[in-house]
Amino acid sequence: MNTIKLLRNLSTRFPKSLKSRGDRVGLMTGRLPESVNNILLCLDFDDIVYDKLKDLKHKPDLILTHHPFIYGTKYRIFQRDEVKKDLCERIDKLGIPVYSMHTNFDRGRGGMNDALTEALHLKDVKRLETASMARGGRLEKPMEIHEFAKYVNKCLGLSYSQLVHAGKDMIETAAIIGGGGSREYKNAMMEGYDIYISGDTPHHVRREIIAYHYNYLDVSHEVEKIFVYQMKKILLEIDPTLNVEIVDHEELPELID
């Protein structure tokens, strides 16, 4: 498929205008080919993914990631990150460009947070009025809060999560932002959701949530690996003849009892 045509189609769904201020999206390194047939998807492009390239049946024409491979200018990043500099030089030698879709995918319709609400089987899903990245919806049936937390773990493929139970005991509605959106809990609370789900929560944010007598479920940032499955579905909707491969290699940190 023509590369520009493909990227224009993606940008119609997830335009760069949706990205958060200061975010880095688009071409990270390399040169875009005239056409693409083989696409590799990963949450983050790293040495683990690079080492798996040799095992792929087809060399990728494009690597598409969620998290930006280079978050800033190459000059500044490479000054302090020799590992990333070396990896960038190696992937450039292979002639494989890396392209990233981050907060524009998080915020866009059919992107990250819609995929997460779909995985949770929420009903009547809508974008929060006060937080454009967040999505909220209603459970099929009310659940006791600890039962709900276990349900979320199961739906999102998690072995654990961290619950702040300072609000209602029964959960009927929930709001979510995948990744590090803990500070948006007030938006979910003000819009009447029984619990808010996100991750990367600082201590002081947890204390605020407790002070407001609200519920919060901290899930690992790695839930965002749903990106690779959602993006594969989107790419094949655009062109069913594309060969789309996935590297799903990111695991939760080890839990020590």
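What comes next is a walk through the structure. (Residues numbered from 1 in each chain as written. Predicted model: local features only at pLDDT ≥ 70, side-chain atom pairs only at ≥ 80, totals over all residues. Heavy atoms only, no water.)

This paragraph deals with the sheet that holds strand E4 (residues 98–100). Strand order in the open sheet made by the five strands is E1-E4-E3-E2-E11, with mixed pairing throughout. Edge positions in the open sheet fall to strand E1 (26–29) and strand E11 (243–247), since each of these has one partner strand only. The average undirected angle you get between the axes of adjacent strands in this sheet is 30°. Note that strand E3 (residues 62–65) and E4 share three bridges and pair parallel. Of the residues in E4, the one forming a bridge with Thr-65 is Ser-100. Seen against the sheet, helix H10 (residues 226–238) touches strand E2 (38–42), E3 and E11 and runs at an angle of roughly 155° to E2. (Pairing = 2+ DSSP bridges. Helix = DSSP H or I, 4+ residues; strand = E, 2+ residues; numbered from the N terminus. Axes fitted to C-alpha atoms, helices over the stretch in contact; angles between N-to-C directions. Contact = heavy atoms within 4.5 Å.)

Attention now moves to H10. What sets the pattern is the α-helix's 3.6 residues per turn: residues three or four places apart point alike. Counted at 1.5 Å a residue, the expected span for H10 with its 13 residues is 18 Å, and the 19 Å between its end C-alpha atoms agrees. Each element contacted by the buried residues of H10 is listed here: helix H1 (3–13), E2, E3, helix H5 (103–107), helix H6 (112–119) and E11. (Expected span 1.5 Å × (residues − 1).)

Right, let's talk about the layout of surface pockets for a bit. Volume-wise, the largest pocket comes out at about 250 Å³. In terms of lining residues, the largest pocket is bounded by 19 residues, among which Ser-20, Met-133, Ile-177, Gly-180 and Gly-181 are the most central. At the level of secondary structure, the elements contributing two or more residues to the lining of the largest pocket comprise H5 and strand E6 (131–144). The class makeup of the residues in the lining of the largest pocket is three nonpolar, 11 polar and five charged. (1 Å grid on protein atoms, 1.4 Å probe; cavity = no way out; pocket = protein on both sides within 12 Å on 5 of 7 lines; lining within 4 Å. Points joined across faces, edges and corners; volume = space filled by probe spheres on them. Nonpolar A, V, L, I, M, F, W, Y, C, P; charged D, E, K, R; others polar.)

The next subject is the packing of H1 against H10. Orientation of H1 relative to H10, taken along the N-to-C sense of each, is 120°, at an axis distance of 11 Å. Looking at the two axes, H1 sits oblique to H10. Crossing geometry of H1 relative to H10 is assigned as right-handed. Residue-level contacts link Leu-6, Asn-9, Leu-10 and Arg-13 of H1 to Met-231, Ile-234, Leu-235, Glu-237 and Ile-238 of H10. (Parallel < 35°, antiparallel > 145°, perpendicular 65-115°, else oblique. Left-handed = near helix turned anticlockwise from the far one by under 90°.)

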